[in-house]
Amino acid sequence: MEANEVQELKEHAEQGGERAMRPVAFTMSVVAVLVAITTVLGHRTHTEAVLDQNKATDQWNLYQAKKIRANDTQLAGDLLSVLTLADKEAAAKITKTYADHQAKWTDDLKEEQQKAEALETTVGRAEVRANRFDLSEALLEIGLVISSVTLLTRAKSYWYLGILFSLVGVVSALTVLFLK
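Owing to the predicted nature of the structure, the values given are computational and were not obtained by experimental measurement. (Residues numbered from 1 in each chain as written. Predicted model: local features only at pLDDT ≥ 70, side-chain atom pairs only at ≥ 80, totals over all residues. Heavy atoms only, no water.)

With respect to the overall build of the protein chain
And then number 1: Counting secondary structure elements, the protein chain contains three helices and zero strands.
And then number 2: In the protein chain, which comprises 180 residues, the proportion classed as buried is 27%.
And then number 3: At a minimum sequence separation of 6, the contacts of the protein chain that also span at least 24 residues come to 79%.
And then number 4: Carbon and sulfur atoms form 62% of the exposed surface of the protein chain, whose accessible area is close to 12100 Å². (Helix = DSSP H or I, 4+ residues; strand = E, 2+ residues; numbered from the N terminus. Buried < 20%, exposed > 50% of the residue type's maximum accessible area, 1.4 Å probe, protein only. Contact = heavy atoms within 4.5 Å. Areas by Shrake-Rupley, 256 points an atom, 1.4 Å probe, with all protein chains shown as cover.)

Description of the environment of Val35
And then number 1: Structurally, the position occupied by Val35 is in helix 1 (residues 3-82).
And then number 2: Look at Val35 and you get buried, because its relative accessible area is 11%.
And then number 3: In the structure, Val35 is positioned 103 residues away from Ala138 in sequence and 8.3 Å away in space, judged by C-alpha atoms.
And then number 4: Beyond its immediate sequence surroundings of up to four residues, Val35 is in contact with Leu140 and Glu141.

So, the packing of aromatic side chains
And then number 1: For the structure shown, the criterion picks out two aromatic pairs.
And then number 2: An angle of 85 degrees between the planes, with centres 5.4 Å apart, marks the rings of Trp60 and Tyr63 as edge-to-face. One end of the pair, Trp60, and the other, Tyr63, are both in helix 1, three residues apart, so they sit about a helical turn from each other. (Phe/Tyr/Trp six-rings, centres within 6.5 Å; stacked < 30°, edge-to-face > 60°.)

Here we look at the packing of helix 2 (residues 88-153) against helix 3 (residues 156-174)
In a pair of packed helices, the angle between the axes and the distance between the axes together describe the arrangement.
And then number 1: It is the contact of helix 2 with helix 3, at a shortest axis distance of 7 Å, that shows an interaxial angle of 165 degrees. In this view, helix 2 runs roughly antiparallel relative to helix 3, as classed from their interaxial angle. Helix 2 and helix 3 meet at a crossing whose hand is left-handed.
And then number 2: A class-by-class count of the residues in the contact of helix 2 with helix 3 yields 16 nonpolar, nine polar and two charged. (Axes fitted to C-alpha atoms, helices over the stretch in contact; angles between N-to-C directions. Parallel < 35°, antiparallel > 145°, perpendicular 65-115°, else oblique. Left-handed = near helix turned anticlockwise from the far one by under 90°. Nonpolar A, V, L, I, M, F, W, Y, C, P; charged D, E, K, R; others polar.)

A word on helix 2
Because the α-helix completes a turn every 3.6 residues, residues three or four places apart line up on one side.
And then number 1: Taking 1.5 Å of rise per residue, 66 residues should cover 98 Å, and helix 2 covers 96 Å from first to last C-alpha, within 8% of that figure.
And then number 2: Two residues or fewer after helix 2 comes Arg154, characterised by a positive phi angle close to 65 degrees. (Expected span 1.5 Å × (residues − 1).)

Focus on a nonpolar patch on the surface
And then number 1: Together, Val33, Ile37 and Leu41 make up an exposed nonpolar region whose accessible area comes to about 240 Å².
And then number 2: Locating Leu41 in the fold gives a position in helix 1. (Patch = residues over 30% accessible without salt bridge, like charges linked within 9 Å, V, L, I, M, F, W, Y side chains within 5 Å. Salt bridge = Lys/Arg side-chain N within 4 Å of Asp/Glu carboxyl O.)

Considerations on the pattern of salt bridges
And then number 1: Following the criterion strictly, the structure yields five salt bridges and no others.
And then number 2: With a shortest N-O distance of 3.1 Å, Glu112 and Lys66 are connected by a salt bridge. Pair noted here: Glu112 is in helix 2 and Lys66 is in helix 1, with a separation of 46 residues, a long-range link.
And then number 3: Close ionic contact of Lys96 with Asp100 constitutes a salt bridge, the shortest N to O distance being 3.1 Å. In this pair, Lys96 and Asp100 are both assigned in helix 2, four residues apart and thus about one turn of the helix distant.
And then number 4: Judged by relative accessible area, which is 52%, Lys96 ranks as exposed.

Laid out in structure tokens, this is it:
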């Protein structure tokens, strides 16, 4: 066998090895795209949770402000009832106005509390979805790294293991659709 024939055999063997690794490289490309998509979805879901948490905080602040106002009105009414007043008719009118406000504010407080609790539930759901996307991202990245070991070792078992991790990551991301 001549030197140029040996070189040709070596080149054919290397090209054959490259062809055998094309499916691995393609798989890695697809998984890398899935990692990017999952990362973006996770970031957006975390942002949604933060924004909803801010809304819930604002709603609790409104609740607290109304509660303080109701308490102040109650205290003023209590003071009017125990003080000696020159104009008892005017004091009775003011006390009745305060009592009417108290009745309205009691209903308002219940409504504000329900809104705040609903927003907190929304935050909890968004956090669960965001955590699921984070898990999916990690599994897809693990699958990508394990698949890349195939290119170094030429052992297809790493490729299959990488595919397995990637599939679990995809399934984990898809379960977000079924979370409520």
